[in-house]
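Per-entry structural report
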Amino acid sequence: MTLAPNQTELLARARADLRMGVPVILRLDGRDVLAAAAETLSAGRLDSLRALGDAVLAITPRRAETLKARAYSDQVARIELPSDADTRWITSVADPADDLSHPMKGPFRTCRGGDDALEAHAIALCKTAQLLPSALVVETQDADALALSHGLTQVHLDPATLRDLHLVPVVHARLPMQVSEAGRLHIFRPEDGGEEHYAVEIGRPSRNEPVLARLHSACFTGDVLGSLKCDCGPQLNAALAAMGAGGAGVLLYLNQEGRGIGLANKMRAYSLQDQGFDTVEANHRLGFEDDERDFRIGSEILKSMGFSQVKLMTNNPRKVAMMEDNGITVAERVPLKVGEGAHNAAYLATKAKKSGHLL
């Protein structure tokens, strides 16, 4: 009988716990830590964690650079928690919302040397939970007892499994649309409990020749609300229109809002842009990379649908490279230059200058 959750399922549970403010136990190579997301940490749980041992606040090197804190690693900076630090202090370090009004947050004492893999994994979990990439981490020698007495989720981390990507086709059905009555919507569900992704198939494209395709990341503000701050809505509509006019195509609608950081963090980035930072600078101040998306999702969906070659509608060379790296031949890159206006001209210029988009 196999009723116990496997590692993938435990990781999904751990992400949910972090979003709720519940600490989780991470285990790797004989080392065990308790980790709690900085964004959702309550005062009571902070006191309980500190009673268990010395705590460090793990942040990304991007966020550390903004705070002028020394990161002795290329994957994480570990800030020693001051004796008088409370949740307000932790939030101010993790969240750049008040950086300009309160720029002097240090001085910080950061840890040097030693194993920082679990701190890096804690940050990665916060990212996939679409929280700010910062975690309070406490080392423990009593992981099993703590898990049993407090009902905490334990995850024995396997780096190989963390890189796995498994998408399950759920259902597909006919969907007549304005651009084409010959539409079909396919739903794919990740095994890791993440958000579902969609493939919009127009017509009956041949599996033996390159199909007109687009990888479109979900953009609630642009696709639904008609935001003028980006070009996402016009790109979505133009891509579907081109596929409808040509009679065939596949649009992959990937739930990776805000270049993979989630809608809440995207709005944090917008708030920073209102303070004068460009889109890349805003992501970095939050602790994220320029782009946190995983385009392997798109290649896996295409392969599961029987496609191996595409004419890719994109201005982003990274999408082309990721498709090629993951077994999809890009026979042609089809430019998609639409939607520029007064409100997004600077945004598009930054994408061209700093992210290499061909605009």
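Residues numbered from 1 in each chain as written. Predicted model: local features only at pLDDT ≥ 70, side-chain atom pairs only at ≥ 80, totals over all residues. Heavy atoms only, no water.

Notes on helix H4 (residues 87-94)
Just so we agree on the cut-off: Using a 1.4 Å probe on the protein chains alone, a residue whose accessible area is under 20% of its type maximum counts as buried, one over 50% counts as exposed, and one in between counts as partly exposed. Only DSSP runs of H or I reaching four residues or more are called helices, and only runs of E reaching two or more are called strands; each is numbered from the N terminus. The contact criterion used throughout is that any non-hydrogen atoms of two residues lie within 4.5 Å. Two N or O atoms form a polar contact when they lie within 3.5 Å of each other; inside protein one atom must be a possible hydrogen donor and the other a possible acceptor, and for residues adjacent in sequence the pair counts only when both atoms belong to side chains.
Considered for burial, the residues of H4 that qualify are Trp89, Ile90, Ser92, Val93 and Ala94. Structurally, H4 contributes buried residues whose contacts are with helix H2 (43-52), strand E3 (55-59), helix H3 (61-67), strand E4 (77-80), strand E5 (134-139) and helix H12 (279-286). You can read the cap of H4 off the contacts: a side-chain oxygen lies 3.2 Å from the backbone nitrogen of Arg88, and it is on Asp86.

What to know about the pattern of salt bridges
Once the charged atoms of two side chains with opposite charge are near each other, the side chains can pair. Rule in force here: For this document, the term salt bridge refers to a Lys or Arg side-chain nitrogen within 4 Å of an Asp or Glu carboxyl oxygen.
Tallying each qualifying case throughout the model produces 21 salt bridges. As a salt-bridge pair, Glu257 and Lys266 come within 2.7 Å of each other at their nearest N and O atoms. Judged on exposure class, the residue Glu257 and its partner Lys266 are both buried. Here Lys303 ties to Glu300 by a salt bridge, and the two come within 3.2 Å at their closest N and O atoms. With a gap of three residues between them, Lys303 and Glu300 both fall in helix H13 (residues 296-304), about one helical turn apart. Residue classification places Glu300 among the partly exposed residues on the basis of a relative accessible area of 29%.

Some words on the domain arrangement of the protein
We apply this condition: Reported domain spans reflect what an automatic or database domain assignment gives. The term buried area denotes the loss of accessible surface (1.4 Å probe radius) that occurs when two parts are joined, taken as the sum for both partners. Gly counts as polar in this scheme, as do all residues outside two lists: the nonpolar Ala, Val, Leu, Ile, Met, Phe, Trp, Tyr, Cys and Pro, and the charged Asp, Glu, Lys and Arg.
Assigned domains within the protein: domain 1 (7-156) and domain 2 (167-256 + 293-355). On a C-alpha basis, the centres of domain 1 and domain 2 stand 35 Å from each other. Opposite the four residues of domain 1 that make contact, domain 2 presents five residues. Overall, the association of domain 1 and domain 2 removes approximately 250 Å² of surface from exposure, summing both partners, and the carbon and sulfur fraction of that is 42%. Connecting domain 1 to domain 2 are zero salt bridges. Connecting domain 1 to domain 2 are one residue pair in polar contact (both at pLDDT 80 or more). Partitioned by chemical class, the residues of the side of domain 1 that touches domain 2 number one nonpolar, two polar and one charged.

Observations regarding the UniProt feature "domain: GTP cyclohydrolase II" (unreviewed entry) in the protein
What counts, and what does not: UniProt positions are given in the numbering used here, feature names are shortened, and annotations may be inferred rather than shown by experiment.
If you check UniProt for "domain: GTP cyclohydrolase II" (unreviewed entry), the listed places come out as residues 172-335 in our numbering. In residues 172-335, helix accounts for 38% and strand for 25%; the two terminal C-alpha atoms are 29 Å from one another.

Considering the packing of helix H1 (residues 7-20) against helix H5 (residues 117-128)
This is how the line gets drawn: Interaxial angle, 0 to 180 degrees, is taken between N-to-C directions of lines fitted to C-alpha atoms, where a helix line uses only the stretch in contact. By the definition adopted for this analysis, an angle is roughly parallel if under 35 degrees, roughly antiparallel if over 145, roughly perpendicular if from 65 to 115, and oblique otherwise.
Relative orientation of the contacting elements H1 and H5 amounts to 80°, with a least axis distance of 9 Å. With respect to each other, H1 and H5 are oriented roughly perpendicular. On H5, the residues touching Leu11, Ala14, Arg15 and Leu18 of H1 are Leu125, Cys126 and Thr128. Taken together, the residues of the contact of H1 with H5 break down into five nonpolar, one polar and one charged.

A word on the sheet that holds strand E10 (residues 211-217)
Put simply, the rule reads: Note: two strands are recorded as paired if DSSP finds a minimum of 2 bridges between them.
A sheet is described by the order of its strands in space; here seven strands give the open sequence E7-E8-E9-E11-E10-E12-E13, paired in mixed fashion. Whereas interior strands pair on both sides, the edge strands pair on one side only; in this sheet they are strand E7 (167-174) and strand E13 (329-334). Going from strand to strand, the sheet's axes swing by 25° on average, the running direction of each strand aside. Where E10 lies against strand E12 (residues 309-313), three bridges are found, and the strand directions are parallel. Of the residues in E12, the one forming a bridge with Leu212 is Lys311. Against the sheet, helix H9 (residues 232-246) makes contact with strand E9 (197-202), E10, strand E11 (249-254) and E12, and its axis sits at roughly 160° relative to E10, the strand it touches most. Taken strand by strand, helix H14 (residues 317-325) contacts E10, E12 and E13, and its axis lies near 165° from that of E13.

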